[in-house]
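Architecture at a glance
The lines below spell out each chain.
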Amino acid sequence: MAALCALACACAQVPSRDASVAGASPAVDPATGSVRVLPDPAPAPHPGAHAYTLDPVHTRIVIAVDHAGFSKAVATVSGTTGTLQLVPGSWEGAQVEVAIPLAQLDFGDAAWNRAVAARGLLDTGRHPVAAFHSTRIEVLGAGRARIHGQLTLRGTTREVVLDAVRNAERRYPLPPFRHTVGFSATARLSRADFGSTAWDSMIGDAVDVRIELEATR
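Residues numbered from 1 in each chain as written. Predicted model: local features only at pLDDT ≥ 70, side-chain atom pairs only at ≥ 80, totals over all residues. Heavy atoms only, no water.

1. Comments concerning the side chain of T59
Cut-off, in case you're wondering: Helix and strand assignments come from DSSP, with helices taken as H or I runs of at least 4 residues and strands as E runs of at least 2, each series counted from the N terminus. Buried residues are those whose accessible area, probed at 1.4 Å on protein chains only, stays under 20% of the maximum for their type, while exposed residues exceed 50% and partly exposed ones sit between those limits. Two N or O atoms count as a polar contact when they lie within 3.5 Å, although within protein this holds only if one can serve as hydrogen donor and the other as acceptor, and sequence-adjacent residues are included solely when both atoms are side-chain atoms. Contacts: residue pairs with any heavy atoms within 4.5 Å of one another.
By secondary structure assignment, the location of T59 is in the loop between strand 3 (50–54) and strand 4 (60–67). When its relative accessible area of 1% is taken as the criterion, T59 is described as buried. A polar atom in the side chain of T59 sits 2.8 Å from the backbone oxygen of D55. Here E214 takes part through its backbone oxygen, which lies 3.3 Å from a polar atom of the side chain of T59. Excluding its chain neighbours within four sequence positions, the residues that come into contact with T59 are L54, V77, S78, G79, T80, E212, L213 and E214.

Below is the structure:
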């Protein structure tokens with residue numbers, strides 16, 4: 001199961017309990033009459049912020065989940081896209097919005113990948129993209145912050161907190177010498193929070209997420 005993150009994904013039908021999710025807005029689908037939770041929009045960009053584009057080659061998400069108590073099953077997601085608003089040298093007004101292509105989640109085995117994509121787990125046939133956007137930044141220091149935001153996964157939106165470290169912010173040393181920023185972040189998710197409850201005797205509920213991100217302008 002993947003996260004982030006994150007990011008580009010329309011909310012589908014969700015259980016009625018999601019209508020009370022903090023930071024999300026309930027709405028009625030006029031076509032079906034069902035209740036959906038719509039992610040709240042991100043705040044307006046800070047006037048001093050620069051817009052960065054995520055580098056999908058050098059941005060990677062790693063997840064780990066318990067496999068029947070024997071080991072941690074590990075998978076990676078490449079190809080994540082999105083935007084980052086950042087004031088140089090500051091966390092003030094920082095924002096991130098990303099889209100995560102769950103179809104690219106890879107456990108290193110084709111059978112594993114098919115099983116995880118099935119409806120009881122990620123349900124990527126109906127929800128191929130996860131979306132994350134930040135809602136506020138909790139500054140912990142010059143290089144550290146907690147990024148609070150909303151993750152939409154399997155059509156369900158939940159609040160997620162990323163523990164983030166700003167690794168570097170400078171001109172890239174190779175052509176075309178773009179200004180580049182790099183971050184590392186971690187989070188822990190509950191897959192049940194997003195309606196993924198299949199195989200609970202084999203697959204743990206807690207999903208550890210690690211994000212390595214680069215963005216350029």
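From this point on, the discussion continues.
2. A look at the environment of V207
Tracing the sequence through the fold places V207 in strand 12 (residues 203–216). V207 sits 133 residues away from V74 along the chain, and the two C-alpha atoms are 10.0 Å apart.

3. Looking at the pairing of strand 8 (residues 129–139)
What counts, and what does not: In this scheme, strands are said to pair when DSSP sees at least two bridges between them.
Judged from the 5 bridges that link them, strand 7 (residues 95–101) and strand 8 form a sheet pairing that is antiparallel. Bridge pairing in strand 8 links P101 to V129. As consecutive antiparallel partners, strand 8 and strand 9 (residues 144–153) are separated by 4 residues.

4. Digging into the packing of aromatic side chains
The condition is simple: Aromatic rings from Phe, Tyr and Trp, taking only the six-membered ring of Trp, are treated as a pair when their centres fall within 6.5 Å; an angle between ring planes under 30 degrees marks them as stacked, one over 60 as edge-to-face, and anything in between as tilted. A ring has a charge above it when a Lys NZ or an Arg CZ is no more than 6 Å from the ring centre and no more than 35 degrees off the ring normal.
Enumeration according to the criterion identifies 2 aromatic pairs in this entry. Where W91 meets F183, the ring centres are 5.8 Å apart and the plane angle is 55°; that geometry is what we call tilted. Of the two residues, W91 sits in the loop between strand 6 (81–86) and strand 7 while F183 sits in strand 11 (residues 179–190), which places them 92 residues apart along the sequence. Accessibility assignment for this pair places W91 and F183 in one class, buried. Between F107 and W112, the ring centres sit 5.0 Å apart and the planes meet at 20°, which makes this aromatic pair stacked. Exposure remark for F107: the relative accessible area of 13% places this residue in the buried category. Since its relative accessible area comes to 25%, W112 is described here as partly exposed. We note R166 situated over the ring of W91; from NZ or CZ to the ring centre the distance is 4.6 Å.

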